[in-house]
Structure formats: C-alpha cells, structure tokens
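The chain contents come next:
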Amino acid sequence: MDGVKGYMSEPSVIIDAESSVLDTVKLMKESKVGAILVTENGEITGIFTETDLLRKVAADEKSMGDTKVSSVMSKPLVSIDAEAKMLKAFYEMQQRNIRHLTVTEGGIVVGILSIKDIANFYIGKFGQKAGKVSKENLPKDEAGIEENKEDKQE
C-alpha cells in the first residue's frame, strides 16, 4: 500500500486561532504531537508546528502567553489528496522544506502526514525487500546507538 491515506494520522488535535501559543504548546505536549491544526470560525485555516514555535516565537523572543497562535501559524495549508502516493508526499515536503502536509478528500481535511510517517513508509518498504529491519539486523557499529541517560550534551 503506497497511498497517503494508509500512513496519515487523523486530525484529532485542533485549537482555535484565538488561543495563545502557550496554550497551544501545552496541548501539543499533552497530546504528544509535533503539529496542531488551527481553526478560525470552525474552519481549519492553518497549522502550528514545532518549527513555527522555534522560528516565529522563540527566535523572535515573543511572549508565548501574549501571542495568538493565529499570528504565528503556517498558512495557507499545504495539502495532498488522500489517494496520492507516498512518493509524491515526500517530494512535496522536500521541495517545500516542510515536515507536515494536511491530507484532504474532496477538499476536506481528513488527516495529517508527517515526515515521521514518510520514514515509517520507507522503513516498511525497505523491510519488505531486505528482511525485517531491526537492531539485530544492523551492523554492530550501527546497532550500538544508545539513548543518553543524562540530560547533558557534549
């Protein structure tokens, strides 16, 4: 299955455009998502991502509590049809230098496709051709990746 619809996530996390960036980030953390759809008058009009937080809020030293998400969200939405192939989705993300696409059916947003979904698709494709991808199948120098248990970075 190479269709976008099989890899997207349903747009379960949505916030109103009048919400503060702080409330938006808290909801993203609570929901464990890297992007959230933004509505204006009940219609999805934008998306707010971790990249927006970094580039449009933190880097500009804006107050998260005082800044409305509508002023820093990405819009217009960049969308792909649910029946499109994953290769097309990957190409769109690469060409536009973005990590999320909204997925539509008949012009209605039905999901979000992230770069992580693209990675999962290609891992699945690779796994089908080369055997199951796992830590055990990697060469020792590649399999030795360990999580840093401390919060310090060298």
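Worth saying up front: this structure is predicted, and the values here are computed from it rather than measured. (Residues numbered from 1 in each chain as written. Predicted model: local features only at pLDDT ≥ 70, side-chain atom pairs only at ≥ 80, totals over all residues. Heavy atoms only, no water.)

Let us now look at the nonpolar core. When a protein is soluble and globular, its nonpolar side chains tend to lie buried together. Grouped together as the largest cluster of nonpolar side chains are 13 residues, with contacts concentrated most on Val4, Ile80, Met86, Ala89, Val103, Leu113 and Ile118. At the level of secondary structure, the elements contributing two or more residues to this core comprise α3 (86-96), β5 (100-105) and α4 (115-130). Residue contributions to this core peak at three residues, all from α3. In this structure, Ala17, Val21, Met28 and Val57 belong to the second largest nonpolar core, which totals twelve residues. (Core = buried A, V, L, I, M, F, W, Y, C linked by side-chain atoms within 4.5 Å. Buried < 20%, exposed > 50% of the residue type's maximum accessible area, 1.4 Å probe, protein only. Helix = DSSP H or I, 4+ residues; strand = E, 2+ residues; numbered from the N terminus.)

Let us now look at the pairing of β5. Burial analysis of β5 places five of its six residues in the buried class, which makes it a mostly covered element. After leaving strand β4 (residues 79-81), the chain enters α3 and then returns to the sheet as β5, a path that is right-handed. Relative to strand β6 (residues 108-114), β5 runs antiparallel, the two sharing six bridges. Counterpart to Thr102 in the pairing with β6 is Ile112. (Right-handed = clockwise from strand over helix to strand, strands pointing away. Pairing = 2+ DSSP bridges.)

What follows concerns the confidence of the model for the protein chain. Should the pLDDT be low somewhere, the predicted coordinates at that spot are not to be read in detail. Mean pLDDT over the protein chain: 86, with 82% of residues reaching 70 or higher. Within the model, the stretch residues 149-154 combines pLDDT values under 50 with zero contacts to residues more than four positions away or in other chains. (pLDDT = per-residue confidence, 0-100. Contact = heavy atoms within 4.5 Å.)

Right, let's get into the packing of aromatic side chains. Per the counting criterion, the structure on display carries three aromatic pairs. Seen from their ring centres, Tyr7 and Phe121 are 5.2 Å apart, and the 85° between their planes marks the pair as edge-to-face. Of the two residues, Tyr7 sits in the segment before β1 (14-16) while Phe121 sits in helix α4, which places them 114 residues apart along the sequence. Relative to Tyr122, the ring of Phe90 lies with its centre 5.7 Å away and its plane at 65°, an arrangement referred to as edge-to-face. (Phe/Tyr/Trp six-rings, centres within 6.5 Å; stacked < 30°, edge-to-face > 60°.)

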